[in-house]
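Take a look at the letters that make up each chain.
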Amino acid sequence: MNSIAAEQLKTLKISIYRYDPDIGKKPYMQSMDIDIPKDKDIMVLDALQLAKEIDPTISFRRSCREGVCGSDGMNINGKNGLGCITPLSEAIRGNKLELRPLPGLPVVKDLIVDMTQFVDQYKKIQPYLITDKETNGKEIPQTVEDRDKLDGLYECIMCGCCSTACPSFWWNPDKFLGPAALLQAYRFISDSRDVATEERLDQLEDAFSVFRCHGIMNCVSVCPKGLNPNKAINEIKKMLFKRAV
Amino acid sequence: MAMNGKGYLDASSLPVKEFDGIIVGGGGSGLMAGLQLAQSGMNTAVVSKVFPTRSHTVSAQGGITCAIASADPNDDWRWHMYDTVKGSDFIGDQDSIEYMCQEGPATVFELENMGLPFSRTEEGKIYQRAFGGQSKDYGKGGQAERTCAAADRTGHALLHTLYQANIKAGTNFLSEWFAVDLVLNDSNQVTGVIAFEIESGEAYFLKAKATVLATGGAGRIYKSTTNALINTGDGTGMALRAGLAVQDMEMWQFHPTGIHGAGTLVTEGCRGEGGYLINKDGERFMERYAPNAKDLASRDVVARSMMLEIIEGRGCGPDKDHCYLKLDHLGADLLHKRLPGITELSKTFAHIDPADHPIPVVPTCHYAMGGIPTNVHGQVITQQSDGSDKIVDGLYAAGEAACVSVHGGNRLGGNSLLDLVVFGRSAGLHIEDSFKQGIGISDPTSENINEALKNINRVNSSKEGENSSVIKKDLQEVMQLSFGVFRSAKNMEDGIQEINDIRERSEGLHLADKSSKFNTARVEALELLNLLEVAEATAICANERKESRGAHSRDDYPERDDENWLKHSIYFQETKEVSKRDVNFRPKIVQAFQPFARTY
């Protein structure tokens, strides 16, 4: 977009959350005008890159720019999403774009949050296949129907949009696993090749890990991949209930 | 040692973290090497500038090609080897290709056993689809279906599975750390890297007896690329600055189907599932260029055919500057089941639903066949003045950063993921073995460490000049114009001159933001220096290879020249000169495949 004539541009007011721990200032919103193409619907990430060309000190994460790596989860005009696959036409309200870091996690700098807590919860659910199935140096057989059960679960990109939109996670980020980790817990419980369902459920059976989910559904409304963590959580709850009675 | 202000980093006060082995890069090959070393109990660290699952392996779509004999019980790794040698236009090393194709099946089954959610056949086996350049029975048995797939999200499934396996194995990650330069001792052995933690801005010498460069590709040297923004050739840049050789840098793959305007990839698996390319007249033009394989000819052939259609005025759209990939005849059900990811991408980036409308596509920079030369064990090789190979002690490379060379002049689709896992593993295995036997790497001196700090000190102390993003744009523009699908001497010579100017400008690069915490401007400035090394190597090698082979096609030398150029090109940054290196024609088990005219 570096060679677009001026008449093909329009101005967008962008407002970005700024914080640098080394500068002792309180966090503030930095406003600036950027030139964006008139006839092309660019993505929020593109707009952010244009802002960074004006002020290179703005920090944010980005990698694939196509919605599969999960780097650029951020709060876009009040709603969590991925900058790279959110077009301005969907995001902008009143020609204004306000970008903040994902809520609920400590801010490292600008739009960059500390994901440690989020990843720790993921690690807790033993996010790997536990199996004792005979392989004979080949694949563990799995029917098409059994494999279909993993659709809607394995595609998670760990962007953190869901967990950081969840009030239950905001309250208990250390004890409530959060929608992202629970989606993965259910991904392994659902895998016909995995033999550790009971062990996995044992670990989830307390007042917090799963049951702090109150079905607020923010996770579903923000997931940029269209996944449904709430459904997975409900399935886990059902399995836990079934075991209890 | 925190970097802020204009302070110089110095060996005398630079903290050291010591490991048995370090792996730079957390994509497929890095995680495979990391897993191998973690399981061996060595003290290792995977150093990655992004959280590992943000690495570009995650974007691979179509699958991992491997003769696991699922779709065809008679499939044979030797057929896969034949296809790969032919696909490489005969400058792939046959010992490496043999190793990859033969070792492949065990590795793919192992990935499945780790949990990779492959799609399945009705018999419950791993699903395989057709990909370009695949044949049965050494080209005589028609199209093969050899690419193992997890829908069209195979890279995501593979990378997450490997990350999960590394969590299980307790691998130590230095996540969001940026490696700057290799530290060589007086005997030119590699003793580790200079790196900094991006979050704190603290710099360290990461000392190790074995260093693996698994830093991936550098597609961001081009303006339009399928590659992630992080693909800046960091390992290749480090190797070049350390005075090591790079190989076949002119060989860049242009993927036939990047989404027009956006550059994002739609998988070759679209054509494997029955999709095909059309021009503005709706003609399935690949029937003219490749009567047998048609749309599943190898990528260099398809990309050139598309560009010819566009050049000759049969392109689609108001500017006739792209082609269409037609999928609507496959039906929404198949698209939903086999190609859900590209359906999503087409809606987001092309604003069309491929179940109703063809996808506008154009050949787009995708993959570096060239890179840091290695043997099958991942050991980095450099060339001595007499032209002989020399192993660089302490240094390994794997994946796209490396040139082992299994892809030669043109990579076959699905061979990249196989390359990653097979050679990531083989590097890990070799390091483990070497450790058991005892590795003799002597310590670097303070001067050695300060030498490796030069680059970052220059950036950190810059006082005035241009911002890296300005220089980067100009570099990408030159590469796009002068080193694309079709190349001409005049364009390339002009391009080299412009890159020369850009190098001079880069000496005056200015990092205005000297702050320490998560300073992405610093990272981008250092990345630009790596891009520049890769771009310059590409340009000079491309101009030097006076023939057309694989992905390298020039109008003044339109034919392949086996007499003079059945060779790897080797390039050093210091002399900016290109020499030749023999291609390996000595596979261990099968007879070598001799060059023949390559048609599809």
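Residues numbered from 1 in each chain as written. Chains lettered and ligands numbered in written order. Predicted model: local features only at pLDDT ≥ 70, side-chain atom pairs only at ≥ 80, totals over all residues. Heavy atoms only, no water.

Peer 1: Got a minute to help me understand the overall build of chain B in this structure?
Peer 2: Looking only at helices and strands, one finds 16 helices and 20 strands in chain B. In terms of C-alpha radius of gyration, chain B reaches 23 Å, essentially the compact-globule figure of 25 Å for 600 residues. Along the longest, intermediate and shortest principal axes, the C-alpha atoms of chain B span 65 × 50 × 50 Å. Counting across all 600 residues of chain B, residues that qualify as buried make up 68%. Long-range pairs, those at least 24 residues apart, make up 73% of the contacts in chain B between residues at least 6 apart in sequence. Carbon and sulfur atoms form 46% of the exposed surface of chain B, whose accessible area is close to 19,000 Å². (Helix = DSSP H or I, 4+ residues; strand = E, 2+ residues; numbered from the N terminus. Rg over C-alpha atoms; globule rule 2.2 N^0.38 Å. Buried < 20%, exposed > 50% of the residue type's maximum accessible area, 1.4 Å probe, protein only. Contact = heavy atoms within 4.5 Å. Areas by Shrake-Rupley, 256 points an atom, 1.4 Å probe, with all protein chains shown as cover.)

Peer 1: How do you make sense of helix α2 (residues 77-87) of chain B when you look at a structure like this?
Peer 2: Given 3.6 residues per helical turn, the α-helix brings residues three or four places apart onto the same face. Residues and elements named next belong to chain B. Among the eleven residues of α2, ten are classified as buried, and the element is accordingly described as predominantly covered. Within the sequence span of α2, burial applies to W77, W79, H80, M81, Y82, D83, T84, V85, K86 and G87. The positive-phi residue at the C-terminal boundary of α2 is D89, with phi of around 55 degrees.

Peer 1: What's the story with the sheet that holds strand β4 (residues 128-135) of chain B in this structure? I'm lost.
Peer 2: Adjacent strands of a sheet pair through backbone hydrogen bonds, lying either parallel or antiparallel. Residues and elements named next belong to chain B. Ordered by their spatial adjacency, three strands build an open sheet running β3-β5-β4, and the pairing between neighbours is antiparallel. Two strands in the sheet have a free side with no partner beyond their single neighbour: β3 (64-65) and β4. Where β4 and strand β5 (residues 143-148) come together, four bridges link them in antiparallel fashion. Residue A130 lies in a different strand from β5, and its bridge partner there is E145. The sheet contacts of α2 involve β3, β4 and β5, and relative to β4 the element is tilted by about 50 degrees. (Pairing = 2+ DSSP bridges. Axes fitted to C-alpha atoms, helices over the stretch in contact; angles between N-to-C directions.)

Peer 1: Can you help me understand the packing of helix α6 (residues 178-189) of chain A against helix α9 (residues 229-244) of chain A in this one?
Peer 2: When two helices pack together, their arrangement is given by the angle between the helix axes and by the axis-to-axis distance. Residue and element names in this part refer to chain A. For the pair α6 and α9, interaxial distance at closest approach is 8 Å and the crossing angle is 60 degrees. Between α6 and α9, the crossing angle belongs to the class labelled oblique. Our pair here, α6 against α9, has a crossing hand that is left-handed. Residue-level contacts link P179, L182, L183, A185, Y186 and I189 of α6 to P229, A232, I233, E235, I236 and M239 of α9. (Parallel < 35°, antiparallel > 145°, perpendicular 65-115°, else oblique. Left-handed = near helix turned anticlockwise from the far one by under 90°.)

Peer 1: Would you explain the sheet that holds strand β1 (residues 9-18) of chain A in this entry?
Peer 2: Residue and element names in this part refer to chain A. Pairing within the open sheet is mixed, and its five strands lie in the order β2-β1-β5-β3-β4. The sheet is open, and its two edges are formed by β2 (28-37) and β4 (79-82), each paired on a single side. The sheet shows a mean angle of 35 degrees between the axes of neighbouring strands, taken without regard to direction. In this structure, strand β3 (residues 73-76) lies alongside β4, joined through four bridges in antiparallel fashion. Paired with M74 across the two strands is G81, which belongs to β4.

Peer 1: Just to check I follow, could you spell out the pairing of strand β1 (residues 16-24) of chain B for this structure?
Peer 2: Side chains on a regular strand alternate between the two faces of the sheet. Residues and elements named next belong to chain B. Relative to strand β9 (residues 202-213), β1 runs parallel, the two being bridged by eight bridges. Counterpart to K17 in the pairing with β9 is L206. Bridge analysis of β1 against strand β2 (residues 44-48) gives four bridges, and the strand direction is parallel. Bridge pairing in β2 places I22 opposite A45. Read as a crossover between parallel neighbours, the route from β1 over helix α1 (residues 28-39) to β2 is right-handed. (Right-handed = clockwise from strand over helix to strand, strands pointing away.)

Peer 1: I tried to follow the interface of chain A and chain B on my own but got confused; where do I start?
Peer 2: It is common to report an interface's size as the accessible area lost on association of the parts. Contacts between chain A and chain B engage 60 residues on the former and 64 residues on the latter. Interface of chain A and chain B: buried area, both sides summed, is about 5,000 Å²; carbon and sulfur atoms make up 50% of it. In this assembly, chain A and chain B are joined by eight salt bridges. The salt bridge partner of K337 of chain B is D148 of chain A, with a shortest N-O separation of 3.3 Å. The set of elements that each furnish at least two residues to the side of chain A that touches chain B consists of α1 (44-54), β6 (107-109), α3 (116-124), α4 (144-148) and α6 of chain A. Its residues assigned to classes, the side of chain A that touches chain B comprises 29 nonpolar, 13 polar and 18 charged. (Buried area = accessible area lost by both parts, 1.4 Å probe. Salt bridge = Lys/Arg side-chain N within 4 Å of Asp/Glu carboxyl O. Nonpolar A, V, L, I, M, F, W, Y, C, P; charged D, E, K, R; others polar.)

Peer 1: What is the right way to look at the nonpolar core in this model?
Peer 2: The nonpolar side chains of a soluble globular protein tend to be buried with one another. Core analysis: the biggest nonpolar cluster contains 164 residues, and L97 and I236 of chain A together with I64 of chain B have the highest contact counts within it. For this core, the leading source of residues is helix α11 (residues 415-437) of chain B, giving eight residues. Those residues in contact with I236 of chain A that lie beyond four places of it in its chain are L182, A185, Y186, I189, L201, L204 and V210 of chain A. V108 of chain A together with A368, A521 and V578 of chain B belong to the second largest nonpolar core, which has 59 residues in total. (Core = buried A, V, L, I, M, F, W, Y, C linked by side-chain atoms within 4.5 Å.)

Peer 1: I keep staring at the pairing of β1 of chain A and nothing clicks. Help me out?
Peer 2: Residues and elements named next belong to chain A. Bridging between β1 and β2 involves ten bridges; their strand directions are antiparallel. Bridge pairing in β2 links Y17 to M29. Where β1 and strand β5 (residues 96-100) come together, four bridges link them in parallel fashion. Looking at β5, one finds that S15 is bridged to E98.

Peer 1: Just checking my understanding: could you explain unusual backbone geometry for this structure?
Peer 2: Trans is the prevailing form of peptide bonds, just as negative phi is the prevailing case for residues other than glycine. Residue and element names in this part refer to chain B. Here the residue pair V404 and S405 is connected by a cis peptide bond, since its omega of -20 degrees sits within 30 degrees of zero. Looking at the secondary structure, you find S405 in the loop between β18 (402-403) and α11. Despite not being glycine, D248 has its phi angle at roughly 50 degrees, a positive value. With respect to the secondary-structure elements, D248 resides in the loop between β10 (246-247) and β11 (252-259). If you check the backbone angles, K294 has positive phi at about 50 degrees while not being a glycine. Topologically, K294 is positioned in the loop between α7 (286-289) and α8 (299-311).

Peer 1: Mind showing me how you'd approach the environment of A196 of chain A here?
Peer 2: Within the fold, A196 of chain A resides in the loop between α6 and α7 (197-204). It is 7.2 Å that separates the C-alpha atoms of A196 of chain A and T131 of chain A, two residues lying 65 residues apart in sequence.

Peer 1: Is there a simple way to explain the packing of aromatic side chains in this structure?
Peer 2: In this description, an aromatic ring pair is defined by two values, namely the gap between the centres and the angle between the planes. All names here are of chain B. Going through the model one piece at a time under the given rule, you end up with 15 aromatic pairs over all chains. A ring pair is formed by Y82 and F593, whose centres lie 5.6 Å apart and whose planes are at 75 degrees; its orientation type is edge-to-face. Here the residue Y82 occupies a position in helix α2, and F593 occupies one in the segment after β20 (578-582), the gap between them amounting to 511 residues. Y82 gets classed as buried once you look at its relative accessible area, which sits at 13%. Ring centres of F285 and Y289 lie 6.3 Å apart, and the angle between their planes is 85 degrees; this geometry places the pair in the edge-to-face category. With relative accessibility at 0%, the residue F285 sits in the buried group. Residue Y289 is classed as partly exposed on the basis of its relative accessible area, which comes to 25%. (Phe/Tyr/Trp six-rings, centres within 6.5 Å; stacked < 30°, edge-to-face > 60°.)

Peer 1: I'm lost on α8 of chain B in this one. Help?
Peer 2: Residue and element names in this part refer to chain B. For α8, which comprises 13 residues, the first-to-last C-alpha distance of 18 Å matches the rise-based estimate of 18 Å (1.5 Å per residue) to within 8%. Most of α8 sits inside the fold, with ten of its 13 residues counted as buried. When we look at burial in α8, the residues that qualify are R299, D300, V301, V302, A303, R304, S305, M306, E309 and I310. Once α8 finishes, G313 follows within two positions and takes phi at roughly 90 degrees, a positive value. (Expected span 1.5 Å × (residues − 1).)

Peer 1: Hey, could you run me through the side chain of T520 of chain B in this one?
Peer 2: Of note, T520 of chain B is situated in helix α15 (residues 520-544). On the basis of relative accessible area, T520 of chain B is assigned to the buried category, the value being 9%. At a separation of 2.8 Å, a polar atom in the side chain of T520 of chain B contacts the side chain of K52 of chain A. Excluding residues that lie within four positions of it along the chain, T520 of chain B makes contacts with K52, I58, S59 and F60 of chain A. (Polar contact = N/O pair within 3.5 Å; in protein donor to acceptor, adjacent residues only side chain to side chain.)

Peer 1: What am I meant to see in the side chain of R146 of chain B here?
Peer 2: Residues and elements named next belong to chain B. Among the structural elements, R146 can be located in strand β5. Looking at R146, the relative accessible area reads 0%, which means it is buried. Within the structure, the side chain of R146 is placed 2.8 Å from the side chain of D75, a separation counted as a polar contact.

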